[in-house]
Amino acid sequence: YLSAKALAESARYRAEQVEALQRPNVGLAGSITRADLHTAIGSSVSSNNEQAAVQGRQALFNRANVATIDQARLSVAIAGLDLETVEVRLGAHGP
């Protein structure tokens with residue numbers, strides 16, 4: 001029973017991870033560089049460089065992702081049915 005319950009729970013978590021394939025992705029990157037140059041004659045030069053970038057991505061349609069998501073949903077349904085079968089065989093109704 002515990003094995004079937006654990007498999008059903010893990011199938012749900014896996015399906016949630018797979019659903020992320022359809023969600024938008026956002027990335028953020030940044031850097032700051034500072035350089036100080038001191039010459040032998042006593043003068044100095046400073047330089048600051050700051051960069052930032054944002055990247056966003058949204059899949060409009062990806063046949064492979066759709067197939068993977070459908071497979072994960074089917075796995076959840078099968079794991080749920082397996083758990084129900086075990087519960088019926090053990091005479092347990094519910095968690």
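One can find the structure itself at the top, above this paragraph.
Since the structure is predicted, the reported quantities are computational estimates derived from the model, not experimental observations.

Caption draft 1: Spotlight on helix H2 (residues 63-90). With 28 residues, H2 ought to run about 40 Å at 1.5 Å a step, and its terminal C-alpha atoms sit 41 Å apart, in line with that. Along H2, the residues classified as buried are Asn-65, Ile-69, Ala-72, Ala-79, Leu-83 and Glu-87. On its buried face, H2 sits against helix H1 (2-19). Between a side-chain oxygen at the N-terminus of H2 and the backbone nitrogen of Ala-64 the separation is 3.0 Å; the capping residue is Asn-62. Just downstream of H2 lies Gly-91, where phi reads positive at about 80°.

Caption draft 2: Quick peek at the pattern of salt bridges. Applying the stated criterion across every chain yields a total of 3 salt bridges. Arg-73 is paired through a salt bridge with Glu-19; the nearest N and O atoms lie 2.8 Å apart. With Arg-73 in helix H2 and Glu-19 in helix H1, this residue pair connects regions lying 54 residues apart in the sequence. Relative accessible area serves as the criterion here: at 47%, Arg-73 is assigned to the partly exposed category. A salt bridge links Asp-36 to Arg-34, with the nearest nitrogen and oxygen atoms 3.5 Å apart.

Caption draft 3: How the structure looks around the packing of H1 against H2. In the contact formed by H1 and H2, the axes pass within 8 Å of each other and the chain directions differ by 165°. Overall, the two elements H1 and H2 adopt an arrangement that is roughly antiparallel. When the axes of H1 and H2 are compared, the crossing they make is left-handed. Where H1 approaches H2, its residues Ala-4, Lys-5, Leu-7, Ala-8, Ala-11, Arg-12, Ala-15, Val-18 and Glu-19 are matched on the opposing element by Thr-68, Ile-69, Ala-72, Arg-73, Ser-75, Val-76, Ala-79, Leu-83 and Val-86. Residue composition of the contact of H1 with H2, by class: 12 nonpolar, 2 polar and 4 charged.

Rules of the game
- Residues numbered from 1 in each chain as written.
- Predicted model: local features only at pLDDT ≥ 70, side-chain atom pairs only at ≥ 80, totals over all residues.
- Heavy atoms only, no water.
- Helix = DSSP H or I, 4+ residues; strand = E, 2+ residues; numbered from the N terminus.
- Expected span 1.5 Å × (residues − 1).
- Buried < 20%, exposed > 50% of the residue type's maximum accessible area, 1.4 Å probe, protein only.
- Contact = heavy atoms within 4.5 Å.
- Polar contact = N/O pair within 3.5 Å; in protein donor to acceptor, adjacent residues only side chain to side chain.
- Salt bridge = Lys/Arg side-chain N within 4 Å of Asp/Glu carboxyl O.
- Axes fitted to C-alpha atoms, helices over the stretch in contact; angles between N-to-C directions.
- Parallel < 35°, antiparallel > 145°, perpendicular 65-115°, else oblique.
- Left-handed = near helix turned anticlockwise from the far one by under 90°.
- Nonpolar A, V, L, I, M, F, W, Y, C, P; charged D, E, K, R; others polar.

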